[in-house]
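Listed here are the chains, written in short residue letters.
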Amino acid sequence: MIVHELEPGAEIVDNIRRHFPYSSLRRFQGDMANIVYERLSTGCRDVVVEAPTGAGKTAAVWCAVKSFAEENGLRVLWLVRTASQVSKVAREIDASPIFGRRMLCINPLCSGLDQKRFNNACYALRIAGKCEHYPATASFSDVNIYSIHEAKELGIASSSCPYELLARSILGRDAVVATHRQLRFMELLLSRWACGRRDVILVVDEGHHILNQSISLTLDEVSLSTLEKAVDEARRYGFNDLAKRIEEALAWYCGVRLGDDALVDDLLPTASELIEAGREVQETQLKEGKSPSPYILALADFKLSIKGDKLLLSRRGSKRYLEAIGGLDSVEAFYGGWAATVTISATYDPALLESLVGRKLHVLRAGWPFEENSLRACIVAGISTKYDKRDDKMLSDVTWLLQVARQIASGGRTLFFLPSYEILQEVVGTVEAEPGLIVEHPGMNQEEVEDVSRKFLAKGGVLVSVFNSRLSEGLDLSANLVVLVGIPFTPPTSRTRLATQELARILGSEEKAVMHGTILPALNAAIQAAGRAVRGPEDRAIVLMCDDRYRRLVRFLPRWFRERVMETVGLSDVPILLESWRVMP
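Calculation notes
Residues numbered from 1 in each chain as written. Predicted model: local features only at pLDDT ≥ 70, side-chain atom pairs only at ≥ 80, totals over all residues. Heavy atoms only, no water. Helix = DSSP H or I, 4+ residues; strand = E, 2+ residues; numbered from the N terminus. Rg over C-alpha atoms; globule rule 2.2 N^0.38 Å. Buried < 20%, exposed > 50% of the residue type's maximum accessible area, 1.4 Å probe, protein only. Contact = heavy atoms within 4.5 Å. Areas by Shrake-Rupley, 256 points an atom, 1.4 Å probe, with all protein chains shown as cover. Pairing = 2+ DSSP bridges. Axes fitted to C-alpha atoms, helices over the stretch in contact; angles between N-to-C directions. Salt bridge = Lys/Arg side-chain N within 4 Å of Asp/Glu carboxyl O. Phe/Tyr/Trp six-rings, centres within 6.5 Å; stacked < 30°, edge-to-face > 60°. Parallel < 35°, antiparallel > 145°, perpendicular 65-115°, else oblique. Left-handed = near helix turned anticlockwise from the far one by under 90°. Nonpolar A, V, L, I, M, F, W, Y, C, P; charged D, E, K, R; others polar. Core = buried A, V, L, I, M, F, W, Y, C linked by side-chain atoms within 4.5 Å.

## Observations regarding the overall build of the protein chain
Then step 1. If you tally the helices and strands in the protein chain, you get 24 helices and 19 strands.
Then step 2. Since a compact globule built from 585 residues should have a radius of gyration of about 25 Å, the 25 Å found for the protein chain is in line with a globular shape.
Then step 3. When its C-alpha atoms are laid out on the principal axes, the protein chain stretches across 75 × 60 × 50 Å.
Then step 4. When burial is assessed residue by residue, the protein chain has 57% of its 585 residues classed as buried.
Then step 5. If you take every contact in the protein chain between residues at least 6 apart in sequence, the share linking residues at least 24 apart comes to 77%.
Then step 6. Entry remark: accessible area of the protein chain is about 24900 Å², with carbon and sulfur atoms responsible for 49%.

## Observations concerning the sheet that holds strand β9 (residues 310–316)
Then step 1. An order of β7-β10-β9-β8 is seen for the four strands of this open sheet, with the pairing classed as antiparallel. Edge positions in the sheet fall to β7 (218–223) and β8 (261–265), since each of these pairs with one other strand and no more. Each neighbouring strand pair of the sheet contributes to a mean axis angle of 35 degrees, computed without reference to strand direction.
Then step 2. When β7 meets strand β10 (residues 319–325), the two strands line up antiparallel, connected through five bridges. Paired with serine 223 across the strands is tyrosine 321, a residue of β10.
Then step 3. Packing of helix α14 (residues 295–304) onto the sheet brings it into contact with β7, β9 and β10, and relative to β7 it is tilted by some 155 degrees.

## Some points on the pattern of salt bridges
Then step 1. A full pass over the atoms with the stated rule returns 31 salt bridges.
Then step 2. With a shortest N-O distance of 3.7 Å, arginine 551 and aspartate 548 are connected by a salt bridge.
Then step 3. Accessibility expressed as a relative area gives 47% for arginine 551, which makes it partly exposed.
Then step 4. Judged by its relative accessible area of 27%, aspartate 548 falls in the partly exposed class.
Then step 5. Three or more residues joined by partner-sharing salt bridges are found here, namely Arg18, Lys66, Glu70 and Asp174.

## Comments concerning the pairing of strand β12 (residues 362–365)
Then step 1. Where strand β1 (residues 2–5) and β12 come together, four bridges link them in parallel fashion. The residue of β12 that forms the bridge with isoleucine 2 is histidine 362.
Then step 2. Of the pairings in the sheet, the one linking strand β2 (residues 46–50) to β12 comprises four bridges and is parallel in character. Bridge pairing in β12 places valine 48 opposite valine 363.

## Some thoughts on the environment of glycine 100
Then step 1. With respect to the secondary-structure elements, glycine 100 resides in the loop between β4 (96–97) and α5 (101–104).
Then step 2. As for glycine 100 and threonine 53, which are separated by 47 residues in sequence, their C-alpha atoms are 27 Å apart.

## Some details on the side chain of serine 291
Then step 1. Relative to the assigned elements, serine 291 resides in the loop between α13 (271–287) and α14.
Then step 2. Owing to a relative accessible area of 17%, serine 291 belongs among the buried residues under this scheme.
Then step 3. When near neighbours in sequence (up to four residues on either side) are disregarded, serine 291 contacts Leu109, Leu113, Ala121 and Gln285.

## Things to note about the packing of aromatic side chains
Then step 1. Within this structure, the stated rule accounts for eight aromatic pairs.
Then step 2. Here the aromatic rings of phenylalanine 334 and tyrosine 335 are separated by 5.3 Å at their centres, their planes lie at 55 degrees, and the arrangement is tilted. For the pair formed by phenylalanine 334 and tyrosine 335, the shared burial category is buried.
Then step 3. Relative to tryptophan 560, the ring of tryptophan 368 has its centre 5.9 Å away and its plane inclined at 10 degrees; by these criteria the two rings are stacked.

## Remarks on the packing of helix α17 (residues 392–408) against helix α18 (residues 421–428)
The geometry of a pair of packed helices is captured by two quantities: the angle between their axes and the separation between those axes.
Then step 1. At their nearest, the axes of α17 and α18 sit 9 Å apart, and the two run at 70 degrees to each other. With respect to each other, α17 and α18 are oriented roughly perpendicular. Classified by chirality, the crossing of α18 by α17 is right-handed. Contacts between α17 and α18 involve Met394, Leu395, Val398, Thr399 and Leu402 on the former and, on the latter, Ile423, Glu426, Val427 and Val428.

## With respect to the packing of helix α7 (residues 148–158) against helix α8 (residues 162–169)
Then step 1. Closest axis-to-axis distance for the α7/α8 pair is 8 Å, and the angle between their directions is 110 degrees. Taken together, the axes of α7 and α8 are roughly perpendicular relative to one another. For the pair α7 and α8, the contacting residues are Ala151, Lys152, Leu154, Gly155 and Ser158 in the first and Pro162, Leu165 and Leu166 in the second.
Then step 2. Split by residue class, the contact of α7 with α8 holds five nonpolar, two polar and one charged.

## Description of the sheet that holds strand β6 (residues 200–205)
Then step 1. In spatial order, the strands read β1-β12-β2-β11-β6-β3-β5-β4; together these eight strands make up an open sheet with parallel pairing. Only two strands of the sheet have a single partner each, and these edge strands are β1 and β4.

## Here's the deal with helix α4 (residues 83–93)
Then step 1. Taken across its 11 residues, α4 has eight buried, putting it largely inside the fold.
Then step 2. Regarding α4, the residues found buried are Ala83, Ser84, Gln85, Val86, Ser87, Val89, Ala90 and Ile93.

## Thoughts on helix α10 (residues 208–216)
Then step 1. Of all the nine residues making up α10, seven are buried; the element is thus mostly covered by neighbouring parts of the structure.
Then step 2. Listed in full, the buried residues belonging to α10 are His208, His209, Ile210, Leu211, Ser214, Ile215 and Ser216.
Then step 3. Of the residues one or two after α10, leucine 217 is the one with positive phi, at around 70 degrees.

## Examining the nonpolar core
Then step 1. Membership of the largest hydrophobic core comes to 91 residues, with the highest contact counts inside it found for Leu77 and Trp78.
Then step 2. Among all residues touching leucine 77, those that are not within four sequence positions of it are Val176, Met186, Leu189, Trp193, Val200, Ile201, Leu202, Val203 and Trp338.
Then step 3. Core analysis: the second largest hydrophobic core is formed by 42 residues, Trp368, Ala377, Phe467 and Ala533 among them.

Purely spatial values, then, with no claim about function.
This is the structure in structure tokens:
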């Protein structure tokens, strides 16, 4: 791995400046753009840009990548985490957005289904010629479409499938923005684009998510409630033997005594049996004018993703899920075959990526892009959310911190992050109705997340969320105060033990496996949440890192954030600290 520390104050060289979308530069953008372009031009295949939130990574990387692509007859595929980021980046760099079919669907027979059932229903309706919006009859080469809402409006107005309209529009474009999830269907997308991976530069924004997803080992999942519905469906359509076998598997999985997760045997019927029955049900549903979306076929899709004879039975709240699990080879497949790749993140683990892809990385690191006192951090001692410390006193201390934050944040904005929804619900249960408190709930869809962020930015108050949620990353949530309660370590479960074993095999030791598979992902999730607060030169915030464990782990934080940590204070000193911060010029 070759590391280059970026310098502040450089100007972008003339031949790439024309693609920079703004008139002025932030401190490290010039050197960032120049060095990315230089590395690509000298044959470097994999570049990683590690820079703070708000540094202007998108604009700087775009002008470098666009210039190199233009000179070499290549195209640019820019991947982000969420649909809202697709819209934002597509507007910023004037690229074509691509959203998933389900997000864009305007057919009432499909639009409300979960992903697996939607895929089956959409395909069946298209093949049977029963989707009135497919194939698309309109085009919009003269209209700029950047959002899901705009694409749907055009689809409704023209009685055309919005996804087909977007997919058709990319043919003549040299840059496309999509979500990480779209890479599952990348070969289909590239065929629409009339090119292959070797013709494209891949830019992976928020690239730490690719590593985190890989470490989770999850290839696919299905809820036990889906199995229950598949049983009822099989009986309703006359597949009684199949229903009995699924029901027996369901009863066994429901009877497992479960903490967070457990390895279990695959007791489900074969994929061929499920597919055969599911297709018959689907044909009947089509004849009946119903949505052709059998739960049996959704179960078949899950069955096809299983490797080996073991599944992971996991729990989230009161719901149980079966997960198909795999190794870490998905990262190498993700990054393989492109003309070049550029990975962007404020919190990244390039050493792990290099080990997984098996190629040398060129890492560019930037410092803090704004005034030195615009972001400061303090470690708060005397509190911990470590599993053996989670008692009534811990909950009382966290509730007290929330009340202090509410008082200090009067007239401003505070972000309050917790390690889990269970702790969130216990802490805010008695105060949620109070004015000025905005609480994230599990299962919120993208529109609800965006509504919450708009409300927070417009009215202020305290936004209570959890680490690794959609509100903790990728959104601009300018705030005066960020409270990080705990460190979001994954609990010691069957999943984490399997991941540690796999990482130890690749990295050569269990110590390295724990560092790269447990410690760094947890710290990076906390810093991602902290980074929501300062997004521009006018923002100013203080971050409270409330957990004793931060004191010994601070050396592992990204350099740009580690340099912002100014002191350690006791829990009882927090009100005095915040009051002094509030009155500072």
